[in-house]
Amino acid sequence: MGCLGALLFLLGGLGALAQICEITEVDSTLVERLGQRLLPWMDRLSPEQLNPSIYVGLRLSSLQAGAKEAHYLHSLKLSYQQSLLSNDNSDSEAKPSMGQLALYLLALRANCEFVRGRKGDSLVSQLKRFLEDEKGAIGHNHQGHPHTSYYQYGLGILALCVHQKRVHDSVVGKLLYAVEHKQHLQQGHLPVDTLAMAGLAFSCLKLSNLNRNLRNRSTVALGRVQEKILKAQTPEGHFGNVYSTPLALQLLMASLRPTVELGTACLKAKAALLASLQHKAFQNPLMISQLLPILNQKSYVDLISPDCEAPRVLLEPATETPSQTQVPEFIHVTLKVSSTFLSYRHSVSVPVSSSLEDVLKKAQEHSRFTYGTQASLSGPYLTSVMGNKAGEREFWQLLRAPDTPLLQGIADYRPRDGETIELRLVGW
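Quick caveat: nothing in here was measured; it's all calculated off a predicted structure. By convention here, each chain's residues receive numbers from 1 onward along its written sequence. Only residues with pLDDT of at least 70 get local features here, since the model is predicted, and only at 80 or more are side-chain atom pairs given and counted; chain-wide, interface and lining totals rely on the full set of residues. No hydrogens and no water enter the side-chain calculation; it runs on all heavy atoms of the structure.

A. The arrangement of helix H11 (residues 215-231) in detail. Per the convention used, a helix needs a DSSP run of H or I reaching at least four residues, while a strand needs a run of E reaching at least two, with both numbered from the N terminus. Residue count minus one, scaled by 1.5 Å, sets the expected span of a helix. An ideal rise of 1.5 Å per residue puts 24 Å on 17 residues; H11 measures up with 25 Å between its terminal C-alpha atoms. Of the positions making up H11, those classed as buried are Ser218, Ala221, Leu222, Gly223, Val225, Gln226, Lys228, Ile229 and Leu230. Note on classification: 1.4 Å probe, protein chains only; a residue is buried when its accessible area is under 20% of the maximum for its type, exposed when over 50%, partly exposed between these limits.

Okay, here's the thing in structure tokens:
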């Protein structure tokens, strides 16, 4: 069995193996700093910047934001109810996407609310319509693809599940088929976050006793999800990458199939994740909101029966301390664009600690470079470069030369001096 296997056996059998995926010993100061990074985002109350995931993450964490938290939920309710229940259908882009609506329903459940009444029925009906539309896009033969993603598809099923709202077996069946058939989820890489979200949805359906006809099939699918996530573990210990690891651990720590392999993988993942916390890898509010629950031994599945009376530590705004490190005032970043239709290369000078988005803005000001973005809950993402808009199954990939894909978006990634960043139009 080996030393580690023997240690895991001594921890108390399968029950202890399952608990190994829980992160219980974390410096409270590190956790508090994560929460503090969310506080400025809670002051951004415009409809395009409201992010239900922030509220969900805090409510499932050991932290609270006091009156600001309650005000944020109130703002969410006003924005989402007004946009969805408005009779004006002309501005469809202003209405929440399927993923945004699903996260809003999770936020309500995180406050121990069930959707009820006419307004609640409208929210549920809208989300079910989204799922039905996606089911139609996938097609009877499973040869199509959702308009959004299987991630949002699984999130939608999960959101309805925690509110005890059943969806048709055929809707769940599309997600089951996607997990059962590797080609639907593996497109050049294994999307661990998609697998984890699907697994969380299946777990909720089982625990809530919904879609009983699919219970056995869901159990098998959960096993496959766990197996694929474990196979996607990197040598460093992350499941997929550092940012997909929190959602993977949300699923694995509630695993109904604890094994020595699972315990070993979770020990390695926890060590890698704690190291990433020390290096301040988590800055994006969506990623932080997925991480905070597991630092409190919680997952989205706990929203089936949330504990809204659990004590939580009140967050105080972070105090800024001047850096003692001497750094150059400016850095030089080369921006490169490669596609079938165009070629571009230009060096840009920006202040140190600038984001990639700052680099793009500077390039647009001083050269022929142009770009377009679209807002999302994880931040702005590129939709067009030099007038070339990504098609239905294309996206502008961000790479650090020579060929390393960036794990962060344009607002979060901070280039270093001398780096070359390539924007490449790719299909998926």
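On we go.
B. Representation of the state of the cysteines within the structure. When the sulfur atoms of two cysteines come within 2.5 Å, that pair is taken as a disulfide. Across all of its chains, the model carries 3 disulfides by this definition. Each disulfide pairs two cysteine sulfurs, and for Cys21 the partner residue is Cys266, the sulfurs being separated by 1.9 Å. Between Cys21 and Cys266, the S-S dihedral sits near 75°, and the bridge is therefore right-handed. With Cys21 in the loop between helix H2 (14-19) and helix H3 (28-38) and Cys266 in helix H13 (residues 260-278), this pair connects stretches of sequence that are 245 residues apart. Summarising the burial analysis for this pair, Cys21 and Cys266 share the class buried. Disulfide pairing places Cys161 opposite Cys204 at an S-S distance of 2.1 Å. With the S-S dihedral at roughly -100°, the linkage between Cys161 and Cys204 falls on the left-handed side. Residue Cys161 is located in helix H8 (residues 150-162), and its partner Cys204 is located in helix H10 (residues 192-208); the two are separated by 43 residues in the primary sequence. In this structure Cys204 comes out as buried when scored by relative accessible area, which is 0%. Here the disulfide map of the protein chain reads 1-5, 2-6, 3-4, the bonded cysteines being numbered as they appear in the sequence.

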